[in-house]
Amino acid sequence: KLGGERTSKTFGWFVSGANSFTSRYLDPPFQSATADFGEGRVLRAGGAGFDNYGNGQSAFTRVDYVPNERNFMKLNVVAARSRFNVANTPSQHLNGQRQVQQNRNLAIYPSWQHVFNSHWVTTVAPYLRLSTASALPSPGDTPVTFSVSRRLSTVGTVANATYVGGGHQVKFGIDAFAFPSREAFVFQITDPAFNPLP
């Protein structure tokens, strides 16, 4: 974590980040499995499962700018990512299955607050968030293979004005937003014995 500000108190910033790795990302029920396929082919999960590792990263930053006593500007940016392997059964692991999933997020939140006088204050805060998720197949997938690509965006703006006076407080404004999305999914059976035709 890092942060700081100017001696004039008009500008401040803060940055933080995190990183993690694990060999037990999904903890499947067969994480301690042992399988003997004959001819010396013995697999032991050893408590961690097969192909059960992943990692994740995240970062956050905030910037504040106060040019004068009537204006306050702020920017928050959040980014995160996770990438992990889909845990296998022993037979999938022996066949060389190495499916991967990945998630990504990015969020940007700027805002501006302006004080007109002792009665009126206005705030404008647009925002944007992008989220993606993908699954990647591998050559050894069994009994099925698949690929997935998903994307969800959130775009919007909050704008409001507040009046304080005469023992009352009144606030009004708008919150406009949209959620465009996109998805693609592919699925295929790779083992002829998994769902044989009659």
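Everything below is about the structure shown above.
Per chain, residues are indexed from 1 in the order of the written sequence. Where totals are concerned, whole chains, interfaces and linings use all residues; where local detail is concerned, this predicted model gives features only for residues with pLDDT of at least 70, and gives and counts side-chain atom pairs only at 80 or more. Computation of side-chain values: all heavy atoms of the structure, hydrogens and water removed.

**Student:** Break down the overall build of the protein for me, citing the residues and quoting the values.
**Tutor:** A run of H or I in DSSP counts as a helix once it spans at least four residues, and a run of E counts as a strand once it spans at least two, with each numbered from the N terminus. When you go through the protein residue by residue, the secondary structure sums to 1 helix and 11 strands. Rg of the C-alpha trace for the protein: 26 Å, well past the compact-globule value of 16 Å for 198 residues, more than 25% over. Counting only C-alpha atoms and orienting by the principal axes, one finds that the protein spans roughly 85 × 45 × 30 Å. The buried share of the protein, taken over its 198 residues, is 28%. Here the radius of gyration uses the C-alpha set of atoms, whereas the globule reference equals 2.2 Å times the residue count to the power 0.38. Only protein chains enter the accessibility calculation, which uses a 1.4 Å probe; a residue whose area is less than 20% of its type maximum is buried, one above 50% is exposed, and one in between is partly exposed.

**Student:** Explain the pairing of strand 8 (residues 120–136) to me, and be specific about the residues and the numbers.
**Tutor:** Here is the key point about a regular strand: its side chains alternate between the two faces of the sheet. Note that strand 7 (residues 100–115) and strand 8 share 13 bridges and pair antiparallel. Bridge pairing in strand 8 places Gln101 opposite Ala135. Taking the residues between adjacent antiparallel strands as the criterion, strand 7 and strand 8 are bridged by 4 residues. Strand pairing requires that DSSP identify at least two bridges connecting the strands. Direction of pairing for strand 8 relative to strand 9 (residues 144–165): antiparallel, over a ladder of 16 bridges. Each bridged residue has a counterpart across the sheet, and for Leu130 the counterpart in strand 9 is Ser153.

**Student:** Explain the packing of aromatic side chains to me, using residue names and the numbers behind them.
**Tutor:** In this scheme Phe, Tyr and Trp rings, the latter by its six-membered ring, pair at centre separations within 6.5 Å, and the angle between planes marks the pair as stacked below 30 degrees, edge-to-face above 60, and tilted otherwise. Under the criterion given, the structure shown has 6 aromatic pairs. With 4.4 Å between their ring centres and 10 degrees between their planes, Tyr25 and Phe84 make a pair best called stacked. Of the two residues, Tyr25 is situated in the loop between strand 2 (11–22) and strand 3 (34–36) and Phe84 in strand 6 (residues 71–85); the sequence distance between them amounts to 59 residues. Phe84 gets classed as buried once you look at its relative accessible area, which sits at 8%. Here a set of aromatic residues connected by ring pairs shows up, and it is made of Trp120, Tyr163 and Phe172.

**Student:** Account for unusual backbone geometry, with residues named and values stated.
**Tutor:** For residues that are not glycine, phi is negative in most cases, and the peptide bond is trans in most cases. Cis peptide bonds are those with omega within 30 degrees of zero, and the linkage from Thr142 to Pro143 qualifies with 0 degrees. Of note, Pro143 is situated in the loop between strand 8 and strand 9. Although it is not a glycine, Asp51 adopts a positive phi angle of roughly 60 degrees.

**Student:** Run through the environment of Ser91, naming residues and quoting values.
**Tutor:** With respect to the element layout, Ser91 can be found in helix 1 (residues 90–94). Along the chain, Ser91 and Thr142 lie 51 residues apart, while their C-alpha atoms are 8.3 Å from each other.

**Student:** How would you summarise the pairing of strand 9 if you had to cite specific residues and measurements?
**Tutor:** Sheet analysis places strand 9 next to strand 11 (residues 181–189), joined by 9 bridges and oriented antiparallel. Along strand 11, the bridge assignment pairs Val148 with Phe185. Relative to strand 10 (residues 168–178), strand 9 runs antiparallel, the two sharing 11 bridges. Residue Thr157 lies in a different strand from strand 10, and its bridge partner there is Ala176. Where strand 9 hands over to strand 10, the hairpin turn is made up of 2 residues, of which Gly166 adopts a positive phi near 60 degrees.

**Student:** With reference to specific residues and values, describe the pattern of salt bridges.
**Tutor:** Within this document, salt bridges are pairs made up of a side-chain nitrogen of Lys or Arg and a carboxyl oxygen of Asp or Glu, the two lying within 4 Å of each other. Per the stated rule, a full pass over the model turns up 3 salt bridges. A salt bridge links Arg62 to Asp64; its shortest N-O distance comes to 2.9 Å. Taking the relative accessible area as the measure of exposure, Arg62 reaches 30% and is therefore partly exposed. For the salt bridge of Arg150 with Glu183, the shortest nitrogen-to-oxygen distance reads 2.8 Å. In this pair, Arg150 is assigned in strand 9 and Glu183 in strand 11, connecting sequence segments 33 residues apart. Taking the relative accessible area as the measure of exposure, Glu183 reaches 54% and is therefore exposed.

**Student:** Tell me about a nonpolar patch on the surface, residues and numbers included.
**Tutor:** Without a salt bridge and with relative accessible area above 30%, a residue can belong to a patch; like charges are then joined within 9 Å and nonpolar side chains (Val, Leu, Ile, Met, Phe, Trp, Tyr) within 5 Å. For every accessible area listed, the method is Shrake-Rupley and the probe measures 1.4 Å; residues are considered covered only by the protein chains on display. A surface patch of nonpolar side chains, amounting to about 680 Å² of accessible area, comprises Leu2, Phe11, Trp13, Val15, Tyr65, Met73, Trp112 and Val124. The element best represented in the nonpolar patch is strand 2, accounting for 3 residues. By the element assignment, Met73 lies in strand 6.

That's the geometry; what it means functionally is another story.
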